[in-house]
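Here are the chains, one letter per residue:
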Number of protein chains: 2
Amino acid sequence: MSKGRVTLPSEKNYFKETMRIAEKWGADAIRDSDGTKLDDELKKSPFKIYNAYFPTRAHNDFITQHMEECPEMYLMSERVMATNEEVEIAFMREYYPEQLKVDYLHNPKEYWEVIDRTTGSVVSTEEWSLDSEKNSITIYKAKKWHEYTVSFLAYIIWDPVEMYNHLTNDWGDKEHEIPFDVLQPHSYQFVLETMANWLKENPDVDVVRFTTFFYQFSLVFNQYGKEKFVDWFGYGASVSPLMLEKFKEAKGYALRAEDFIDEGYYNSSFRIPTQNYLDYIDFVQQFVTKTVRKLTDMVHSSGKEAMMFLGDQWLGTEPYGNYFKETGLDAVVGSVGDGTTLRMISDIPHVKYTEGRFLPYFFPDTFFAGNEENIVNEARMNWVQARRAILRSPIERMGYGGYLTLADKFPAFIETVAEITEEFRQIHKEIKGSRAKTKLNVALLNHWGALRSWQAFTVAHALYCKEAYSYYGVLEALSGMDVEVSFISFEDVLTDGIDQTIDVIINAGAMNTAFSGGEIWKNERLISCLNEWIYNGGGFIGVGEPSGCEHQGRTFQMAHALGVDKEVGYSLSTDKYFKTAEKTHFITEGMMKFDFGEVVNSVYSLSENTEILEFSNDEVHISANEFGNGRTIYLAGLPFSFENARLLMRSLYFAARKEKEMLEGYSTNIFCEVSVFPEVKRYCVINNSATTQETTVTFGEQESERLTLNAYEIVWRDLL
Amino acid sequence: MSKGRVTLPSEKNYFKETMRIAEKWGADAIRDSDGTKLDDELKKSPFKIYNAYFPTRAHNDFITQHMEECPEMYLMSERVMATNEEVEIAFMREYYPEQLKVDYLHNPKEYWEVIDRTTGSVVSTEEWSLDSEKNSITIYKAKKWHEYTVSFLAYIIWDPVEMYNHLTNDWGDKEHEIPFDVLQPHSYQFVLETMANWLKENPDVDVVRFTTFFYQFSLVFNQYGKEKFVDWFGYGASVSPLMLEKFKEAKGYALRAEDFIDEGYYNSSFRIPTQNYLDYIDFVQQFVTKTVRKLTDMVHSSGKEAMMFLGDQWLGTEPYGNYFKETGLDAVVGSVGDGTTLRMISDIPHVKYTEGRFLPYFFPDTFFAGNEENIVNEARMNWVQARRAILRSPIERMGYGGYLTLADKFPAFIETVAEITEEFRQIHKEIKGSRAKTKLNVALLNHWGALRSWQAFTVAHALYCKEAYSYYGVLEALSGMDVEVSFISFEDVLTDGIDQTIDVIINAGAMNTAFSGGEIWKNERLISCLNEWIYNGGGFIGVGEPSGCEHQGRTFQMAHALGVDKEVGYSLSTDKYFKTAEKTHFITEGMMKFDFGEVVNSVYSLSENTEILEFSNDEVHISANEFGNGRTIYLAGLPFSFENARLLMRSLYFAARKEKEMLEGYSTNIFCEVSVFPEVKRYCVINNSATTQETTVTFGEQESERLTLNAYEIVWRDLL
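Definitions and cut-offs
Residues numbered from 1 in each chain as written. Chains lettered and ligands numbered in written order. Predicted model: local features only at pLDDT ≥ 70, side-chain atom pairs only at ≥ 80, totals over all residues. Heavy atoms only, no water. Helix = DSSP H or I, 4+ residues; strand = E, 2+ residues; numbered from the N terminus. Rg over C-alpha atoms; globule rule 2.2 N^0.38 Å. Buried < 20%, exposed > 50% of the residue type's maximum accessible area, 1.4 Å probe, protein only. Contact = heavy atoms within 4.5 Å. Areas by Shrake-Rupley, 256 points an atom, 1.4 Å probe, with all protein chains shown as cover. Lys, Arg positive; Asp, Glu negative; His and termini not counted. Charge placed at Lys NZ, Arg CZ, Asp CG, Glu CD. Pairing = 2+ DSSP bridges. Axes fitted to C-alpha atoms, helices over the stretch in contact; angles between N-to-C directions. Domains from an automatic or database assignment. Buried area = accessible area lost by both parts, 1.4 Å probe. Salt bridge = Lys/Arg side-chain N within 4 Å of Asp/Glu carboxyl O. Least-squares fit on C-alpha atoms with pLDDT ≥ 70 in both. pLDDT = per-residue confidence, 0-100. UniProt positions renumbered as here; feature names shortened; annotations may be inferred. Phe/Tyr/Trp six-rings, centres within 6.5 Å; stacked < 30°, edge-to-face > 60°. Lys NZ or Arg CZ within 6 Å of the ring centre and 35° of its normal. Expected span 1.5 Å × (residues − 1). Core = buried A, V, L, I, M, F, W, Y, C linked by side-chain atoms within 4.5 Å.

1. So, the overall build of chain A
Within chain A one finds 19 helices and 36 strands. In summary, chain A has a C-alpha radius of gyration of 27 Å against a globular reference of 27 Å for 720 residues, a match within 12%. Structurally, chain A occupies a C-alpha span of about 75 × 70 × 50 Å along its principal axes. Out of the 720 residues in chain A, the part that is buried amounts to 66%. Excluding contacts between residues fewer than 6 apart, the proportion of contacts in chain A whose partners are at least 24 apart in sequence is 73%. Looking at chain A as shown, the accessible area adds up to about 25,800 Å², and 48% of this sits on carbon and sulfur atoms. Computing the positive centroid from 71 side-chain charges and the negative centroid from 108, chain A places the two 4 Å apart.

Now the structure itself:
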């Protein structure tokens, strides 16, 4: 039994049990969780001690003296239709008063907006009045039968994550933790002083685990105390009159409420980002980075490490953002939901190490009597889905979170995690810090580019979403594939052109979203650049509604290259003749069944040159086309499955004209995958399935090896 | 056996056989078909004689002297991408040279357009040259990687319908009939003179059956002699330099090629019509009407009737258009594909009678040995689907078309038609010219309004279309329903408001099409008008993507009234809580299974007030909402079936708050329908199905009658 690379959560009065489990899992670090404290004996032990640190909450004594320094958000009221000239809008009606308190300190007539949503025009401040007792506004000269909304500022008076944990774990009358805004003068002072004091008072802590920094992602509850809105990327909770003022100073123009309200969509990452919003993100990132650096410098001065939890108040610290390298962080830890989120953590640059927090979280909603089988399965599946990504880009450490007392009641779970942690250490022992061989460079093209690497198609971290899973599967498939993955933005292409080392560009997503691109496809420079690049040999794969934007007779603006377009009803008069799929094709070799997820209706082939690889329900779901020297492929959707991962892999190698290279370290069985580590002359084969699998591993056309792998097994071999 | 109301096709040398079948079917009129002539004995018989008359074809002796008077069309070349500064486009490559001949008589630099389809801009005429030998143009300073098209004028040198019949019936080297354009001086003269002479020479003809007049709907063949483009509503084939000149004189502004090319969509009726295109339609209608009137006046002077076939060269004679009443036509005959097309014919105003041509057409593609069962079934199904519409709005006459010699080989078919014609006469005998009772006024709202009554969602007459059938079912359901149906346009609403006698407005169709409406939904007057009308008690039913147009936070612009909206990806961060369907509801009472056709993804309920009536695949397919005093209903789609006809009927009565009225003449069995004729104090019950059905017919809550009907049976009863 080896040891190391594993972090264990512990609790008060649980020292002996913690030692037992630490021994079993080979843990070398101990952490606390939200709501727990560690025993002093533990702190004195040789274990590395992580301590959660909340810079901007858990100090109600302070913030209750300065409630004007709570963070704020712009919120939109419900829509109210005018049936008279006088309309009243009770704008807080759909919000949770325990979480949100209307900001009456800053002049509503200056910061708020009443908007006629039927026309989109702003109602003059002279035409409405405010009743702060009732949290309502009255419009006096409304246009009858129009709908109106109020955009208003509210203080966040209950930290949304603590609120979530509080409500989920039924913490009853435990005091609500009130957040504070580090931009404000007292809070700024307090945050720095408290950090200094805390560092002095906690000499036994080795790693300060910031959870996280200053601004919470958007998490808003409704009048029933249920989640109303959640956006892991939302910058809403960083807004305040002071932030707006400083923005204006820095960027030279003022933002208005609607820049944040965004018709009620709040700049979801699926929205095509406006320049104003991108400027705002940039501005907040700079401020956050500067302030984070002050804290990490203090941490380092006290001889400790600074680790960031990737989540909660992570706004402005995006690890793939322009300023992350200036944060001074030593490490990032994040929750691992699957291969995609693993890569989101493990690919982070500029830190010494990364750590993954695996599932399930030891919370009572999972760890209850009778649920052991599910708990064990979740742990196993979580590991297996992450493992293929670890083999591509390893996290240095792993760990779990929650209450160890709960987990300890399930011996089979303790056993399973022991196996998982051992396998994790084994991987590191084998690869010795080297990287698996990759044979292709693949770039995902969307509006967010590198900033949201491994974060496309995500609403709430790793959660299923009906409208996104058919695209998210692309990321998940890539996360464990033998290809280099990069994320590029349309702006990158327009500014720098396309990097000639890229083999294949993927554009995936629903029409008119930030991921497929929308109006940007009317930009002739973008089209020309891609045309030239593909024509000269580049590979282009479109998934769903790629380049979807109605313009000049086409729905897909890259239809000429893809050889297919989507019928939206305008060209029904044109006969569609190409309705037969090729019987066999490199791309679909070995596919037993197809699953395209949520259907993208009525894609059709434009000419006899397009190879149709799957045709059903009178529409194309897979096709391939030649465009000059380049190859293009259309896929209707790609929900994650091992079949679809294989389909995408074959598509990528085909598009890149590297079909032969694919066979250099290839498993014939789609449930098995091969990773080759040339530096250490080793390779491994993993079985991703719950059953025994037989496979042949090939290295080019000559060599091959026949293997039988047990359920979930990983085997290591010498590379000849 | 009764007699009358039936028209029979005949042929040369088939007199006796014709007499036999005429007797069997009770025919009182005889017609010729395309390519056939009638025996002289027939012409002298007491039968009413119809003679097909083609004003603008079948006179090659004339037109070959004036080939510059062939009708013309604007056509778009294929799209060609520039890989160099010099680009050649062989613009005729995808067209059928036997049908189309490039117009080099009128200066191409004046009439044609070369368009950069990547930007939509027109290439200066100085930057391209023409090679009339090769039918190609060369652009000299093309922008590399942009796509280009040529919009050019071509003469139609083979009448498209004769061409279709020619190719379908394998007429070999039979001379191609060349069409001519009545707008041109020689042709105009010729058309009038020929008509005058023909009337003199054909004293035995009773009815001049115009097939049709001057301008053919769009029917374009590709380089392989296969259909490339067909639009039953397309005005493309009426364009010529002369027509453009006259348009400019009349309307005060000039049209350009792109007004007709429309990015390659050629103003499909699914496109939101531009004002230019509407002006052009109006202009052509005026010219056609005036010229038709000259012919009908001549026909009347010679003591004959003028009948129009609704199809072929019907442009400008739209029976629901503003000028139709001035054509002087006595009758219209049209092909009956189903209930919708039946109503399209039978509802035509300003004529003495209408006649339906039933299916199957006696053509060799259907009437071949071994196909008798299918032939009989098609005849029966065609009749049954039309019958329910006939009961609502009867055609006065029926008939068949094609080659009687072919039909005569199938005795079971002859028998079936005998039964059908007898049943048809029986209906007229019973109703004595009175109309069935209706209990609701329903209006379909779209961009075309009355002009295209019973013609919405149609590509080619009565043909199935994957993208349209989920909406077309609304018309088909309505065609046999006990409601008054009108067709109104957005323009009508904006100009005149909403007629207060309307009970329910339906808006149906895919997003951004002429049928759902698109951008017009940003017009605040339209929204206000509908809001007020519904709020004060109107019923509103949305089908598919009603009022779909992304604007100010909503996808459906009537979402506030409907209580549902469509998720296009922007509001994924907002929790959707309402996911349970009501167990029972008036609207869905008796529904055993649901079929919504082509799926409209991700419609969700906006609030707890919306009643969800069907929820599956994590989306709403049927819902109902209260909006002030009005009721609204959402239906995801409504392919035609008797279940869905019932679903729509119940929806309409519910939306109108007339649930009780529905039971006044109601069949509990959905396969049976009741029509009540109060004037003659009779009612009938039809069985639309191929099996015996039991049903209870109710008249309000008191009276009811239990009935058993044989397959397809119609029974008549006295109304108490």
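2. A look at the sheet that holds strand β36 (residues 714–718) of chain B
Residue and element names in this part refer to chain B. Across the sheet, three strands lie side by side as β32-β33-β36; this open sheet has antiparallel pairing. Of all the strands in the sheet, the pair left with one neighbour each is β32 (672–677) and β36. Strand-to-strand twist in this sheet, taken as the mean axis angle between neighbours without regard to direction, amounts to 20 degrees. Its contacts with the sheet put helix α13 (residues 411–431) on β32, β33 (682–687) and β36, and the angle it makes with β36 is roughly 15 degrees.

3. What about the domain arrangement of chain A?
For interface size, the figure often reported is the accessible area lost on association. All names here are of chain A. When cut into domains, chain A gives domain 1 (6–58 + 183–232 + 279–431), domain 2 (441–662) and domain 3 (665–718). The straight-line distance from the C-alpha centre of domain 1 to that of domain 2 is 35 Å. The interface is formed by 22 residues belonging to domain 1 together with 23 residues belonging to domain 2. For the domain 1 and domain 2 pair, buried surface summed over both sides reaches about 2,000 Å², with 57% attributable to carbon and sulfur atoms. In terms of surface lost to domain 2, no three residues of domain 1 exceed Tyr320, Thr340 and Arg388, which account for 34% of the buried area on that side.

4. What to know about the interface of chain A and chain B
Contacts between the two partners involve 64 residues from chain A and, on the opposite side, 63 residues from chain B. At the boundary of chain A with chain B, total buried surface from both sides reaches about 5,500 Å², with 48% on carbon and sulfur atoms. The interface formed by chain A and chain B holds two salt bridges in total. As a salt-bridge pair, Lys466(B) and Glu619(A) come within 2.9 Å of each other at their nearest N and O atoms.

5. Focus on the relation of the copies chain A and chain B
Aligned on chain B, chain A shows an RMSD of 0.0 Å; the corresponding rotation is 180 degrees and the shift along the axis is 0.0 Å. Here the copies are linked by what is in effect a two-fold axis. Taking C-alpha positions as the reference, the residue of chain A nearest the rotation axis is Val599(A), at 4.2 Å. A high fraction, 98%, of the interface residues of chain A reappear at the interface in chain B, so the copies pair face to face through one surface.

6. Some thoughts on the environment of Pro203(B)
Residue and element names in this part refer to chain B. With respect to the helices, strands and loops of the structure, proline 203 is situated in the loop between α6 (185–201) and β13 (207–210). For proline 203, a relative accessible area of 59% translates into the label exposed. Taking the C-alpha atoms as reference, proline 203 lies 8.9 Å from lysine 304; in sequence the two are 101 residues apart.

7. Considerations on the side chain of Gln313(A)
Residues and elements named next belong to chain A. Note that glutamine 313 resides in the loop between β16 (305–309) and β17 (331–335). Overall, the relative accessible area of 4% leaves glutamine 313 in the buried class. Once residues lying within four places of it in the same chain are set aside, the contact partners of glutamine 313 are Arg57, Asp159, Thr211, Thr212, Phe213, Phe214, Tyr215 and Gln216.

8. Focus on the confidence of the model for chain A
Predicted confidence across chain A gives a mean pLDDT of 96, with 100% of residues reaching 70 or more. Taken together, the chains of this predicted complex give a pTM of 0.96 and an interface ipTM of 0.95.

9. Examining the UniProt feature "domain: Lacto-N-biose phosphorylase-like N-terminal TIM barrel" (unreviewed entry) in chain A
The positions that UniProt labels "domain: Lacto-N-biose phosphorylase-like N-terminal TIM barrel" (unreviewed entry) are, in the present scheme, residues 4–437 of chain A. Secondary structure content for residues 4–437 of chain A is 34% helix and 19% strand, and the end C-alpha separation is 26 Å.

10. What to know about the sheet that holds strand β20 (residues 441–446) of chain B
Residue and element names in this part refer to chain B. The strand order across the open sheet formed by seven strands is β21-β20-β22-β23-β30-β29-β28, and the pairing between neighbours is mixed. The outermost strands of the open sheet, each flanked by one partner alone, are β21 (484–489) and β28 (611–616). Taking the axes of each pair of neighbouring strands and ignoring which way they run, one obtains an average angle of 15 degrees across the sheet. The pairing of β20 with strand β22 (residues 504–509) spans three bridges and is parallel. Considered in β22, the bridge of leucine 444 is made with isoleucine 506.

11. Describing the packing of aromatic side chains
In the structure shown here, the tally under the stated rule is 108 aromatic pairs over all chains. Seen in terms of ring centroids, Tyr361(B) and Phe363(B) are 4.7 Å apart; in terms of plane orientation they differ by 70 degrees. Their pairing is edge-to-face. A relative accessible area of 7% places Phe363(B) in the buried class. With 6.3 Å between their ring centres and 90 degrees between their planes, Trp383(B) and Phe424(B) make a pair best called edge-to-face. A residue pair is termed long-range when its members are at least 10 positions apart, and Trp383(B) in helix α11 (residues 372–392) and Phe424(B) in helix α13 qualify at 41 residues. Of the two residues, Trp383(B) and Phe424(B), both sit in the buried class. Aromatic rings pair up to connect Trp25(A), Phe358(A), Phe362(A), Phe367(A), Trp383(A), Tyr400(A), Phe410(A), Phe413(A) and Phe424(A) into one cluster. Sitting over the ring of Trp448(B), Arg452(B) keeps its end group 3.9 Å from the ring centre. The ring of Tyr604(B) has Lys576(B) sitting right over it, with the charged end atom 4.7 Å from the ring centre.

12. Re the side chain of Gln455(A)
Tracing the backbone shows Gln455(A) in the loop between β20 (441–446) and α14 (469–479). Non-local contacts of Gln455(A), meaning those with residues more than four positions away in its chain, are made with Phe233(A), Trp314(A), Tyr320(A), Met344(A) and Leu475(A).

13. Quick word on helix α9 (residues 275–301) of chain B
Relative to the 39 Å expected for 27 residues at 1.5 Å per residue, α9(B) spans 39 Å between its end C-alpha atoms, a close match to the ideal helical length. Gly303(B) sits one or two residues past α9(B) and shows a positive phi near 80 degrees.

14. Looking at the nonpolar core
Burial of nonpolar side chains together is a common tendency in soluble globular proteins. Membership of the largest hydrophobic core comes to 231 residues, with the highest contact counts inside it found for Trp25(A), Phe413(A), Leu478(A) and Ile506(A). Looking at this core element by element, the count peaks at ten residues for helix α9 (residues 275–301) of chain A. Other than its neighbours up to four places away in sequence, Phe413(A) contacts Trp25(A), Pro360(A), Phe362(A), Phe367(A), Glu372(A), Ile375(A), Val376(A), Ala379(A) and Ala407(A). Within the second largest apolar cluster, 230 residues are counted, among which are Trp198(B), Ala418(B), Ile431(B) and Tyr472(B).

15. Quick word on unusual backbone geometry
For the bond from Thr211(A) to Thr212(A), the omega torsion is -20 degrees, close enough to zero to count as cis. Mapped onto the fold, Thr212(A) is located in the loop between β13 (207–210) and β14 (218–221). That bond from Leu359(A) to Pro360(A) is cis: its omega, 0 degrees, falls within 30 degrees of zero. When you line up the elements, Pro360(A) lands in the loop between β18 (353–357) and α11 (372–392). Positive phi is not limited to glycine here, since Arg5(B) has a value of about 70 degrees. Take Arg5(B): it is sitting in the segment before β1 (6–9). Using a relative accessible area of 29% as the deciding quantity, one classes Arg5(B) as partly exposed.

16. Description of the pattern of salt bridges
Across all of its chains, the model carries 84 salt bridges over all chains by this definition. For Asp408(A), the salt bridge identified is with Arg20(A), shortest N-O distance 2.8 Å. One end of the pair, Asp408(A), is in the loop between α12 (404–407) and α13 (411–431); the other, Arg20(A), is in helix α1 (residues 15–25), with 388 residues separating them in the sequence. Assessed through its relative accessible area of 44%, Arg20(A) is described here as partly exposed. Linking Asp347(B) and Arg343(B) is a salt bridge whose minimum nitrogen-to-oxygen distance equals 3.1 Å.

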